[in-house]
Amino acid sequence: MPSGLKINDLYAGYNGTQVLKGINLDVQPGKVTALIGPSGCGKTTLLRCINRLSELTRNCHVKGYIGLDGEDVLNMDPMLLRRKVGMVFQKPNPFPMSIRENILYGVKAGNLKVDSQAVIQSSLSKAAVWDELKDRLEDNAFGLSVGQQQRVCIARCLAISPEVILMDEPAASLDPSSAAKVEASILSLKDEYTVMIITHNMQQAKRISDTTVFMFQGEIIEAGETDQVFNHPWRQETREYIDGRFG
Amino acid sequence: MNMQPIEEASAGRLKSKQDKPIVYSLRLVSGKATSAVSLVVALGAVLSGCLMLVRNTLEIYSLPILVGLCVILQFLFVDVFRQHRSWDYKIAVLSLVVFAGMLFLHALPEDVTGWQINGVFHRSLFASLVLVSSGLPALSISLFYLWGATPQADDISHYPLVLLPVLFALAVYVGLIAQLLVKGIPNLDWGILSKPYFNYDWPLKITVDDGWPTWTAERHSQLGILNHLKGTGLLMLLTSLISLPIGAGAGIFLSEYSRGVFGGIARFTITALRAISTFILGLTALSLAQSMDNTPLAGIFRGTFFNGWGTSVSTGGSFLVASLILSLLVIPVIARSTEEGCRSLPPELREGSLALGASDQTTLFRIVLPWAFPNLLTAVLLGCAEAGGSVAILMFIAGRGDYGVGPLSQVTSLAYLIFDIWYGEKSFRGAMLPYQFSAGVLLLLLTMSLGIAALFLKRWLIKRHRGEG
């Protein structure tokens, strides 16, 4: 079941530098939200605050409220949170184990009672990689191509049935055909999951997202329906970024 | 067209190929010939200088070689001017140095003494010094000119200066091992290996004579080193069992959990353990063995044996004590290696695990430790090799293993045997002296195979468990 996210007055910083300066955002459940903006504007930090991976960095301080269907994210058990909010990273990071063990890692770690074979098949299918890998489940995941590795990482994330999926430029390091397959799988995740995806590729954002959020220097400049943000942006900065005046 | 400048510039240089092809090629060959000959002579000087250290009869060749070197260097000096139109004074200076060396050696008597040298040195030592120290620069310069005196030739000419020390060290290493093998292998008696050593009186019967009990005993005596072999194995096993959990735990703590002052203290202490001299650790072992005397636990620390009447306490220390002290040496090795293995984990794997909702503990056992496992295993094997070869710690507490080998019996090992054969009682020495070097060969085989196994195992494990990453 997808969940919505409500972010109120979120401030975050590392080592004295303030990265997020008062973020207020409502993420609709079951929709794909694209996060766009120039490098260094805080998109990755925002995502990492939502699943609290920001706590891994020393000297990181986060203040504010993030609500996941009413639950306060910043005050709940981080492990329970991360079972509801999954993340896919820019650089594929499969574990040095077999594909089967990779997919079932989160399931075993959380002691979830599921039918292993069904979970593996459904996750790999949703990640658009079942046909390629169904006969190679015992192979080491490190031996796959980069595109296949990233889709396995997506499948691994789906196996724990999260409510929200955070994706940090998932197709950035992939070749065009793998990127297309990843996009197709993201589109198929709509309705069943809430997806937040960071992307530098504006055509990709237009293709797959329902909502677009434009960030700049730690603040949300504009947020709204993708059509509206790209075709009739309200703010000057949004218009300039979309036109490619800065990037 | 004005041809003058080109003609002047080419005066003295080799004329072009088209002019007189045979003369050109002869000049080319003769140009390189001098440096080639010089290279050969210099190489001969260096090699004979090294060999002279081992066989001082070769010393008679030192003067002829130096004469040859001096002469060829002078030829090279002239030839370099002919080829390159400049005088390389280094060659002239080197030639003078060689000449001075010749005079110096000629002036020395065959056995050098006096000048506050305590003892007698054979002249070959000085000859070797002169040969190597003049041969190496000569080698370098000859190589430079043979290669054409270009900047690349300059680089190449320095290779011998770097290569020779390495070759020398390798030669010493190989020579030492060869000497051990030559002395040890002929005496290697496989019968010795399979028989345990014992030398004690086994009681046969007690008779009562006029109210006074007397007993007759049978002397059991056999030469062998099986007990020592078993002892080495047991020592390695016990030390690994004790030091693996503590070392791995320390390594994990240092890499995953250590923060601030306490982490710094822990790191320093673990490293400082290896700074303690092993003789001091031997004294520690002795005092640990003595610590429980006159208490019921004396047997555990001192080592017990069954002597036919009942259990008796030995005068040394048990395997337990020896392993405890040895693990003080091995724990830092394992800790450092485990820490390095844990730190080498790519951070994205750790993040990936945590992002799936795994706890720190799950991440540790399923991601971090499997990644660090090759380092851990290698360290354990190297620690074993160190434990098997150590003597200083066992010196005051070990024995001969007459009564068998077990965790609570007196400690013995192959390394201790080698020591004991030399410094032990006369009869033992008389009987076992031929086997001293053989025991050394066995010990070398054991520790080297552990080391090589560690190397290959690490590479294989990394390939398998860390995949192509």
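None of the values given here were measured: they were computed from a predicted structure.

### Some details on the overall build of chain A
- Scanning chain A from N- to C-terminus turns up 10 helices and 10 strands.
- The globule rule puts the C-alpha radius of gyration for 247 residues at 18 Å, and the 18 Å found for chain A is close to it.
- C-alpha atoms of chain A, sized along the principal axes, occupy 50 × 40 × 30 Å.
- Sequence-distant contacts, at least 24 apart, represent 69% of the contacts inside chain A between residues at least 6 apart.

### Observations concerning the confidence of the model for chain B
- Looking at chain B, the pLDDT average stands at 87 and 92% of residues meet or exceed 70.
- Reported confidence for the predicted complex is 0.95 by ipTM and 0.82 by pTM.

### Observations concerning the sheet that holds strand β2 (residues 17-27) of chain A
All names here are of chain A.
- The strand order across the open sheet built from four strands is β2-β1-β4-β5, with neighbouring strands paired in antiparallel fashion. Lying at the two open borders of the sheet, with one neighbouring strand each, are β2 and β5 (71-72).
- The pairing of strand β1 (residues 5-14) with β2 spans eight bridges and is antiparallel. Note that in β2 the partner of Ile7 across the bridge is Leu25.

### Focus on the packing of helix α5 (residues 123-146) of chain B against helix α7 (residues 159-184) of chain B
Residues and elements named next belong to chain B.
- It is at 9 Å that the axes of α5 and α7 come closest, and there the two elements cross at 140°. It follows from the interaxial angle that α5 and α7 lie oblique. Between α5 and α7, the residues in contact are Leu136, Leu139, Ser140 and Leu143 and Pro160, Leu161 and Leu164, respectively.
- Classifying every residue of the contact of α5 with α7 by side-chain character gives six nonpolar, one polar and no charged.

### A closer look at the domain arrangement of chain B
Residues and elements named next belong to chain B.
- The domains assigned to chain B are domain 1 (4-112 + 120-185) and domain 2 (224-466).
- Of note, the centres of domain 1 and domain 2, computed from C-alpha atoms alone, are 50 Å apart.
- Contacts between the two partners involve five residues from domain 1 and, on the opposite side, five residues from domain 2.
- Tallied by class, residues from the side of domain 1 that touches domain 2 come to three nonpolar, one polar and one charged.

What counts, and where the lines are drawn
- Residues numbered from 1 in each chain as written.
- Chains lettered and ligands numbered in written order.
- Predicted model: local features only at pLDDT ≥ 70, side-chain atom pairs only at ≥ 80, totals over all residues.
- Helix = DSSP H or I, 4+ residues; strand = E, 2+ residues; numbered from the N terminus.
- Rg over C-alpha atoms; globule rule 2.2 N^0.38 Å.
- Contact = placed C-beta atoms within 7 Å.
- pLDDT = per-residue confidence, 0-100.
- Pairing = 2+ DSSP bridges.
- Axes fitted to C-alpha atoms, helices over the stretch in contact; angles between N-to-C directions.
- Parallel < 35°, antiparallel > 145°, perpendicular 65-115°, else oblique.
- Nonpolar A, V, L, I, M, F, W, Y, C, P; charged D, E, K, R; others polar.
- Domains from an automatic or database assignment.

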